[in-house]
Protein chains: 2
Amino acid sequence: MPERLDADVDEGLRVFFAEARLRAGAYGSHYAALWESIEHQSSGGKRIRPGLVWSAYRGFGGVDRTVVTGVALAFELLHTAFLIHDDLIDRDTVRRGVPNVAGRFAARATEFGGDARASEVWGATAAVLAGDLALSRAHREIAILPIGDDRRRALLDILDHAVFVSAAGELADVVSSLHGSTPELEGVLAMLEQKTAVYSFEAPLSAGAVLAGAPASAVAALGRFGRLAGVAFQITDDVLGVFGDPVSTGKSASADLREGKRTALIAHAAATTAWPEIRDRLGDPALDDAGASALRERLRGCGALDAAVASAAEHVTLALHELEGAEVPLQLRSELAGFAQQAIGRVR
Amino acid sequence: MPERLDADVDEGLRVFFAEARLRAGAYGSHYAALWESIEHQSSGGKRIRPGLVWSAYRGFGGVDRTVVTGVALAFELLHTAFLIHDDLIDRDTVRRGVPNVAGRFAARATEFGGDARASEVWGATAAVLAGDLALSRAHREIAILPIGDDRRRALLDILDHAVFVSAAGELADVVSSLHGSTPELEGVLAMLEQKTAVYSFEAPLSAGAVLAGAPASAVAALGRFGRLAGVAFQITDDVLGVFGDPVSTGKSASADLREGKRTALIAHAAATTAWPEIRDRLGDPALDDAGASALRERLRGCGALDAAVASAAEHVTLALHELEGAEVPLQLRSELAGFAQQAIGRVR
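Looking up chain A in an unreviewed UniProt entry gives the name Geranylgeranyl pyrophosphate synthase, with the organism given as Agromyces marinus. If you open the UniProt record of chain A and go to Cofactor (unreviewed entry), you find "Mg(2+)".

A. Fine view of the overall build of chain A. Secondary structure summary: chain A contains 16 helices and two strands in total. The C-alpha atoms of chain A give 21 Å as radius of gyration, which agrees with the globular expectation for 348 residues (20 Å, within 12%). A buried classification covers 57% of the 348 residues belonging to chain A. Put simply, 75% of the contacts in chain A that link residues at least 6 apart link residues at least 24 apart. Roughly 13800 Å² of accessible area belongs to chain A as shown, and the carbon and sulfur atoms make up 53% of that amount. Taking the average location of the 35 positive side-chain charges in chain A and that of its 46 negative ones, the two points are 2 Å from each other.

B. The interface of chain B and chain A, seen in detail. Chain B puts 50 residues into the contact, and the matching count from chain A is 51 residues. At the boundary of chain B with chain A, the tally comes to eight salt bridges. Ionic pairing is found between Arg152(B) and Asp149(A), a salt bridge with its closest N-O pair at 3.4 Å. Counting across the interface, chain B meets chain A through 16 residue pairs in polar contact (both at pLDDT 80 or more). Within the residue set of the side of chain B that touches chain A, elements represented by two or more residues are α1 (6–25), α2 (29–42), α4 (65–90), α5 (101–111), α6 (116–143) and α7 (149–176) of chain B. In terms of residue count, α7(B) provides more of the side of chain B that touches chain A than any other element does, 16 residues in total.

C. Representation of the relation of the copies chain B and chain A. Each copy superposes on the other: chain B lies on chain A with an RMSD of 0.0 Å after a rotation of 180° and an axial shift of 0.0 Å. What the rotation and shift describe, once combined, is the action of a two-fold rotation axis. The rotation axis passes nearest to the C-alpha of Ala143(B) in chain B, at a distance of 2.7 Å. With an isologous cut-off of 70% or more, the 100% of interface residues of chain B that recur at the interface of chain A puts this contact in the isologous class.

D. Highlighting the packing of aromatic side chains. Summed over all chains, the structure comprises 23 aromatic pairs over all chains. Between Phe112(B) and Trp122(B) the ring centres are 6.2 Å apart and the planes differ by 35°, which places this aromatic pair in the tilted class. With Phe112(B) in the loop between α5 and α6 and Trp122(B) in helix α6, this pair connects stretches of sequence that are 10 residues apart. Between Phe201(B) and Phe233(B), the ring centres sit 5.3 Å apart and the planes meet at 50°, which makes this aromatic pair tilted. One end of the pair, Phe201(B), is in helix α8 (residues 185–211); the other, Phe233(B), is in helix α9 (residues 216–243), with 32 residues separating them in the sequence. With relative accessibility at 8%, the residue Phe233(B) sits in the buried group. Every member of this aromatic cluster is reached through a ring pair, and the members are Phe16(A), Phe17(A), Tyr27(A), Tyr31(A), Trp35(A) and Phe164(B). If you follow Arg65(A) out to its NZ or CZ, it ends over the ring of Trp54(A), 4.9 Å from the centre.

E. Molecular detail of helix α3 (residues 48–59) of chain B. Residue and element names in this part refer to chain B. Relative to the 16 Å expected for 12 residues at 1.5 Å per residue, α3 spans 16 Å between its end C-alpha atoms, a close match to the ideal helical length. Turning to α3, its buried residues number three or more, namely Ile48, Arg49, Pro50, Gly51, Leu52, Val53, Trp54, Ser55, Ala56 and Tyr57. Residues of α3 that are buried sit in contact with α1, α4, α8, α9 and α16 (330–345). Glycine 61, located one to two residues past α3, shows a positive phi value of around 90°.

F. Representation of the packing of α5(B) against α6(B) in the model. Residue and element names in this part refer to chain B. Packing of α5 against α6 brings their axes to within 7 Å, and their N-to-C directions diverge by 140°. For the element pair α5 / α6, the angle class is oblique. For the element pair α5 and α6, the recorded crossing hand is right-handed. Residue-level contacts link Val101, Ala102, Phe105, Ala106, Arg108, Ala109 and Thr110 of α5 to Ala118, Ser119, Trp122, Gly123, Ala126, Ala127 and Ala130 of α6. Its residues assigned to classes, the contact of α5 with α6 comprises 10 nonpolar, three polar and one charged.

G. Molecular detail of the packing of α6(B) against α7(B). Residue and element names in this part refer to chain B. Interaxial distance between α6 and α7 falls to 9 Å at its minimum, and their mutual angle equals 160°. On the basis of the axis angle, α6 is roughly antiparallel to α7. Where α6 crosses over α7, the handedness of that crossing is right-handed. Along the contact surface, α6 presents Leu135, Ala138, His139, Ile142 and Ala143, while α7 presents Arg152, Leu155, Leu156, Leu159 and Val163.

H. Geometry of helix α15 (residues 304–323) of chain A. All names here are of chain A. Its 20 residues give α15 an end-to-end C-alpha distance of 29 Å, which sits within 8% of 28 Å, the value for a rise of 1.5 Å per residue. For α15, every residue scored as buried is listed here: Ala304, Leu305, Ala308, Ser311, Ala312, His315, Val316, Ala319 and Leu323. Down the axis, α15 shows its buried residues gathered within 140° of arc, on one side only. Check the buried side of α15 and you find it contacts α8 (185–211), α9 (216–243), α12 (264–270), α14 (289–301) and α16 (330–345).

I. Quick peek at the environment of Gly103(B). All names here are of chain B. Here glycine 103 shows up in helix α5. A relative accessible area of 12% places glycine 103 in the buried class. Along the sequence, glycine 103 and serine 119 sit 16 residues apart, while their C-alpha atoms lie 8.8 Å from each other.

J. The pattern of salt bridges, seen in detail. Summed over the entire model, instances satisfying the criterion amount to 54 salt bridges over all chains. Where salt bridges share partners, they join Asp86(A), Asp87(A), Arg95(A), Glu170(A), Asp173(A) and Lys195(A) into one cluster.

K. Broad picture of the environment of Ser334(A). Residue and element names in this part refer to chain A. Mapped onto the secondary structure, serine 334 falls in helix α16. Under the relative-accessibility criterion, serine 334 is labelled partly exposed at 49%. Sequence-wise, serine 334 and alanine 106 are 228 residues apart; in three dimensions their C-alpha atoms are separated by 46 Å.

L. Up close: unusual backbone geometry. Not every positive phi belongs to a glycine, and Arg47(B) is a case in point at roughly 55°. Tracing the chain through its elements places Arg47(B) in the loop between α2 and α3.

M. Just the domain arrangement of chain A, in detail. Residues and elements named next belong to chain A. Split into domains, chain A comes out as domain 1 (1–48 + 62–146) and domain 2 (149–348). Summarising the inter-unit geometry, the C-alpha centres of domain 1 and domain 2 are found 24 Å apart. At the junction of the two partners, domain 1 supplies 19 residues and domain 2 supplies 21 residues. Close ionic contact of aspartate 86 with lysine 195 constitutes a salt bridge, the shortest N to O distance being 3.3 Å. Along the contact surface separating domain 1 from domain 2 lie three residue pairs in polar contact (both at pLDDT 80 or more). If you list the elements that add at least two residues to the side of domain 1 that touches domain 2, you get α4 (65–90) and α6 (116–143). Tallying contributions element by element places α4 first for the side of domain 1 that touches domain 2, with nine residues. Taken together, the residues that form the side of domain 1 that touches domain 2 break down as 13 nonpolar, four polar and two charged.

About the criteria used
- Residues numbered from 1 in each chain as written.
- Chains lettered and ligands numbered in written order.
- Predicted model: local features only at pLDDT ≥ 70, side-chain atom pairs only at ≥ 80, totals over all residues.
- Heavy atoms only, no water.
- UniProt positions renumbered as here; feature names shortened; annotations may be inferred.
- Helix = DSSP H or I, 4+ residues; strand = E, 2+ residues; numbered from the N terminus.
- Rg over C-alpha atoms; globule rule 2.2 N^0.38 Å.
- Buried < 20%, exposed > 50% of the residue type's maximum accessible area, 1.4 Å probe, protein only.
- Contact = heavy atoms within 4.5 Å.
- Areas by Shrake-Rupley, 256 points an atom, 1.4 Å probe, with all protein chains shown as cover.
- Lys, Arg positive; Asp, Glu negative; His and termini not counted.
- Charge placed at Lys NZ, Arg CZ, Asp CG, Glu CD.
- Salt bridge = Lys/Arg side-chain N within 4 Å of Asp/Glu carboxyl O.
- Polar contact = N/O pair within 3.5 Å; in protein donor to acceptor, adjacent residues only side chain to side chain.
- Least-squares fit on C-alpha atoms with pLDDT ≥ 70 in both.
- Phe/Tyr/Trp six-rings, centres within 6.5 Å; stacked < 30°, edge-to-face > 60°.
- Lys NZ or Arg CZ within 6 Å of the ring centre and 35° of its normal.
- Expected span 1.5 Å × (residues − 1).
- Axes fitted to C-alpha atoms, helices over the stretch in contact; angles between N-to-C directions.
- Parallel < 35°, antiparallel > 145°, perpendicular 65-115°, else oblique.
- Left-handed = near helix turned anticlockwise from the far one by under 90°.
- Nonpolar A, V, L, I, M, F, W, Y, C, P; charged D, E, K, R; others polar.
- Arc of directions from axis to C-beta.
- Domains from an automatic or database assignment.

The structure is reproduced here in structure tokens:
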């Protein structure tokens, strides 16, 4: 049996989208193009969520690749839906340097003779619908699993919780940016956990474990590990968004600064005496490369970078602690430890 | 047993939203307010979809009120999700004269000290998330039904088809408004069927029948009836949007004209010699009451009103024809005939 599930997930997505495009063709070329754009959005990811489902499932002795692929697909499509709707909320038309669903449909409107207003409406419409379609399919993948009612219900509950909490986190993220004042670390960490860690780490791990029939206490421990490791991952991602290599992160190292994104890094800076000066430059849409460099130096100089990196490491320590004493097989524990270390090891 | 399921559906929604609000409270008052706004959006409707689920279920001998209520709730929440995302696409902040989810959250941003930009972002964010949450719950209501795997799978397929086709219809509606030229009747009717008739009429009727164990041919006949009656309903709704009493329709009789909404009524007008003159006034945001009255007279004078009313009646005739010869119990057939006649009887 191969080590990872990636090929199965890719094949599952390929078949699903091929069928959807065929089915969509009966409703016209625009609808088929919408499905192409969803497929495009779902490709090229790192398949982190399928990987976690698979690790937990195999770790607890699961061997049915068809069933676990269904669960992995569900979380990958949930991720696709959330990316699309997150971009819609942020009004982004580009992701990882290429046009996203909205960007592609905005361009399509122009191609078909639309003006600027039509571009905007087509883009937003496509993003709303694409997210709804991917979200619906995520639910369906779990609902149609050929497994016992109790186990399927437990998976549906995990999915329900993930959707519920992610929406809370997304709302908190948007609401918090209103309060132009000082971002607080506690609030930022809670938001990261809700918006990303639950659906991307806790839920896939719990789902894989439940599917394999793991004991409830182990499922819970894996969930707590996932939330903490997920926060560590997100803190690191945000650090890389400012200090990382644009080539490997796939995004401009000035974008988050220009946007004034409220991250753990920024919350750490807000607790230092350098904050007034940092605050004044942060979120300036006109921030140029030199300005961004200066701001990075400030963030480094005031200790915020070190504090954020330390906070990520601390979350990994806490995450690993959750696995101690839990009925988690040794092999899985070591795999998850490697995963968590790798998540924060991307910095420096 | 009571005649209708309304009280059970209302009670089901009440319990669901009470639980959701309680659960949301742990994530802050904004999230609880978001759930209140979803509940608000789901209240006050005519419960057409639950009524159809119930008619079909009871008509084929179904007696389990708990199970049928779950299916009815699913379609009511699907409707709520689609209304919210449809308003988001149209950038509407008001529905039936009161602020919708986006409108309520835009006002909330202002309350919390936000500027115009914050209002817009909060409104759009709330609408995206509220629709996602309602859509997710619709899927879940079907997925957790305590019935046999085969029957649940058939219901999931009906839901999947409804979501898939509605998205096609919504996209077609947005795309068609780009082509400022002549709206064609065939395209408008296909759009109405896809965007509304399938999820609002075909799917609830098919689902109720499947749940009761109706034969496949009867389920199919009910579905065809639903699509045709749904189109008749929608043609009539659009006629009422222009010629109806604003008090009973709950919307301005000039709004559709001002917006230039592409309806069957307008497509009929486009096939007459009066079209150039109608086209020039249609979609004028500055259209006043006198201008709207004049336009209504034109639409009446050119025969478009009569043609639209006749087209709705013809769709009802075709719909009823689908039930003839099908294994549909007489009582149900008569109930559906009454429903279809009532749908078009709202005009004049």
